[in-house]
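Here is how the chains run, residue by residue.
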Amino acid sequence: MEEYGSVKKKTPPKDPYKVLRIHRNPDGTLTREAVLPTVPPVEGDSESKDVPLNKTHGTWFRMFRPKVAVAAAGRLPVIIDFHGGGFILFSPASQPFDALNRRLASELPAVVLSVEYRLAPEHPLPAAYEDAVEAVRWIRDNHDTDEWLRDLADVSRCFIKGSSAGGNIAYHAALECCAGAGAALGPVNIAGVIMNQPYLGGEERTESELRLADDKILPLPANDLMWELALPRGADRDHEYCNPVKSATEERLRRLPRFLVRGYSGDPLLDRQKELADKLEACGVHVEAHFKDGFHGIEIFDPNHARQLVIDVKNFVLASSSSSSSSSSSNL
């Protein structure tokens, strides 16, 4: 029998390139198969538009707003969203992410910015984090000139959100925006961070990783490959980008705003997610942790779980908006 990650297996591990439906080219770039269909910005329960972020980097974001006038309800919170895909796949235009953000904009309601960040390995970390912070700065610089933000948004109630790799990006963007150094964000305030099944790792295997080594969505070989492609050259999985629990200082963490951390019992990353939630709470961060039955990325496949995600986000945004957020004024 072959041993992989301390788990004895009767058959060799699956080829991670086939699992992820990618091909590595001689120059180090990837050819990605079209696993998820993409859709253009269209009208529906909410309206959307694509906006350039950094033309040099080829980054942009898809902005969503409720189609029905909501002026009578007051100004809307802003959700800055980062999609999943192990840092190497997908886009805000991928149909499941577009549909979820359209629903968030309509049902919260909110103005949602879903960011097209640079993908690895062509652009290894921290490129995605830099793009995330640039998106927050874009709101700071354009809140009074972009028509949708100017007319609808309350930029003092900005929430950084992400799923899987996007949850990892949300965490690191919040660290820089709330505990970093640099130019002030002016009227923009990060009122909360939403990490849905955040993509985290480490050198030592956890119980949930070993128990779910053959997971259909995130088997260990695919998990290892995505980190190999995403991390800076020469970095191991205890690097701060992958394993923030080992590197984050209490001084930085206690400056973070409220957190919503969501995960599932059938996710190999479950133990990592709980560990980070516990670390944040131990450092004085207000954490709402929701761990339920399910598997990694279940919202893409199950409409009931997608509906529950929207409900959890809405409840968290409303609770965070009603609490004092002055202490989370952001610096960059």
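Once a new chain begins, its residue numbering starts again from 1 and follows that chain's sequence as written. The predicted nature of this model means local features are confined to residues of pLDDT at least 70 and side-chain atom pairs, given and counted, to a pLDDT of 80 or more, with totals for whole chains, interfaces and linings taken over all residues. Only hydrogens and water are set aside when side-chain values are computed; all heavy atoms of the structure are taken into account.

For the protein chain, the name recorded in an unreviewed UniProt entry is Alpha/beta hydrolase fold-3 domain-containing protein, with Aristolochia fimbriata as its organism.

Caption draft 1: Region of the structure containing the layout of surface pockets. By volume, the largest pocket is sized at about 800 Å³. For the largest pocket, the lining is made up of 37 residues, of which F90, F97, G297, I300 and F301 are closest to its centre. Under the scheme used here, helices are H or I runs from DSSP no shorter than 4 residues and strands are E runs no shorter than 2 residues, and both carry numbers assigned from the N terminus. Elements represented by at least two residues in the lining of the largest pocket include exactly α1 (16-20), β7 (76-82), α2 (95-107), β9 (153-163), α11 (298-301) and α12 (303-322). Looking at which element gives the most residues to the lining of the largest pocket, the answer is α2, with seven residues. Residues belonging to the lining of the largest pocket are distributed by class as follows: 19 nonpolar, twelve polar and six charged. Computed over the protein atoms alone on a 1 Å grid, cavities are sets of points where a 1.4 Å probe fits but cannot get out and pockets are open sets with protein on both sides within 12 Å along at least five of seven lines; a residue lines them when it has an atom within 4 Å of a point. Grid points are joined across faces, edges and corners, and a volume is the space filled by probe spheres set on the points. Charged residues are taken to be Asp, Glu, Lys and Arg, nonpolar residues to be Ala, Val, Leu, Ile, Met, Phe, Trp, Tyr, Cys and Pro, and polar residues to be all remaining types, Gly included.

Caption draft 2: The arrangement of a nonpolar patch on the surface in detail. Patch membership needs two things, relative accessible area over 30% and no salt bridge, and members are linked within 9 Å if like-charged or within 5 Å if nonpolar (Val, Leu, Ile, Met, Phe, Trp, Tyr). The method behind every accessible area is Shrake-Rupley, applied with a 1.4 Å probe, and residues are considered shielded solely by the protein chains displayed. We count a salt bridge whenever a side-chain nitrogen from Lys or Arg sits within 4 Å of a carboxyl oxygen from Asp or Glu. Together, I217, I300 and F301 make up an exposed nonpolar region whose accessible area comes to about 270 Å². The topology assignment puts F301 in helix α11. Owing to a relative accessible area of 53%, F301 belongs among the exposed residues under this scheme. Buried, partly exposed and exposed residues are distinguished by accessible area as a fraction of the type maximum, computed with a 1.4 Å probe on protein chains only: under 20%, between the cut-offs, and over 50%, respectively.

Caption draft 3: The arrangement of the packing of aromatic side chains in detail. Two rings belonging to Phe, Tyr or Trp (six-membered ring only in the last case) form a pair when the distance between their centres is within 6.5 Å. Interplanar angles under 30 degrees mark stacking, angles over 60 mark edge-to-face geometry, and anything in between is tilted. All chains considered together, the criterion is met by eight aromatic pairs. Judged by centre distance (4.6 Å) and plane angle (5°), the ring pair of Y199 and W227 falls under stacked. With Y199 in the loop between β10 (184-196) and α6 (207-211) and W227 in helix α7 (residues 220-230), this pair connects stretches of sequence that are 28 residues apart. The exposure classification of Y199 matches that of W227, with both residues buried. Linked through ring pairs, F87, Y199 and W227 together constitute an aromatic cluster. If you follow K49 out to its NZ or CZ, it ends over the ring of W148, 4.5 Å from the centre. When the NZ atom of lysine or the CZ atom of arginine is within 6 Å of a ring's centre and also within 35 degrees of its normal, the charge is said to sit over that ring. Directly above the ring of F291 sits K274, whose terminal nitrogen or CZ lies 5.6 Å from the centroid.

Caption draft 4: Quick peek at the packing of α2 against α12. Only C-alpha atoms enter the line fits that serve as axes; for helices the fit covers just the stretch in contact. Angles between N-to-C directions range over 0 to 180 degrees. At a minimum axis separation of 10 Å, α2 and α12 run at an interaxial angle of 45°. By the angle between their directions, the pair α2 and α12 is classed as oblique. Crossing angle aside, the handedness with which α2 passes α12 is right-handed. Taking contact as the criterion, the partners of L100, R103, L104 and E107 in α2 are, on α12, P303, A306, R307, L309, V310, V313 and K314. Tallied by class, residues from the contact of α2 with α12 come to seven nonpolar, no polar and four charged. Oblique is the label for every angle not falling under 35 degrees (roughly parallel), over 145 degrees (roughly antiparallel), or within 65 to 115 degrees (roughly perpendicular). Rotating anticlockwise by less than a right angle from the far helix to the near helix defines a left-handed crossing, while the corresponding clockwise rotation defines a right-handed one. Whether two residues are in contact is decided by their heavy atoms, any of which lying within 4.5 Å being enough.

Caption draft 5: Examining α7 more closely. In terms of burial, α7 is a largely internal element, ten of the eleven residues being buried. All buried positions along α7 are accounted for by L220, P221, A222, N223, D224, L225, M226, W227, L229 and A230.

Caption draft 6: Structural context of helix α3 (residues 127-142). Expected span, for any helix, means 1.5 Å times one less than how many residues it has. Taking 1.5 Å of rise per residue, 16 residues should cover 22 Å, and α3 covers 22 Å from first to last C-alpha, within 8% of that figure. For α3, the tally of buried residues reaches twelve of 16 residues, placing the bulk of the element in the interior.

Caption draft 7: Fine view of the pattern of salt bridges. All chains considered together, the criterion is met by 24 salt bridges. With a closest N to O distance of 2.9 Å, D98 and R62 form a salt bridge. Here R62 lies in strand β6 (residues 59-66) and D98 lies in helix α2, a separation of 36 residues in the sequence. Exposure remark for R62: the relative accessible area of 2% places this residue in the buried category. Here K161 ties to D81 by a salt bridge, and the two come within 2.8 Å at their closest N and O atoms.

Caption draft 8: Quick peek at the packing of α3 against helix α5 (residues 165-179). Running from N to C, α3 and α5 cross one another at 60°; their axes reach a closest spacing of 9 Å. With respect to α5, the element α3 is oriented oblique. Crossing angle aside, the handedness with which α3 passes α5 is right-handed. On the side of α3, the interface is formed by A128, Y129, A132, V133 and V136, while α5 contributes N168, I169, H172, A173, E176 and C177. Grouping the amino acids of the contact of α3 with α5 by side-chain chemistry returns eight nonpolar, two polar and one charged.

Caption draft 9: Focus on unusual backbone geometry. For the peptide bond that leads from A120 to P121, omega is 0°, which places it in the cis range. Residue placement: P121 occurs in the loop between β8 (111-116) and α3. The backbone phi angle of F87 is positive, close to 70°, even though this residue is not glycine. Counting through the fold element by element, F87 comes out in the loop between β7 and α2. The phi angle at Q197 is positive, at roughly 50°, despite the residue not being glycine. Tracing the sequence through the fold places Q197 in the loop between β10 and α6.

Caption draft 10: Fine view of empty space enclosed by the protein. If you walk through the whole model with that rule in mind, you get one cavity of 30 Å³ or more. The computed volume of the largest cavity comes to approximately 30 Å³. For the lining of the largest cavity, the secondary structure elements donating two or more residues are α8 (244-247) and α10 (270-282). Here the residues of the lining of the largest cavity are counted per class, giving four nonpolar, two polar and two charged.

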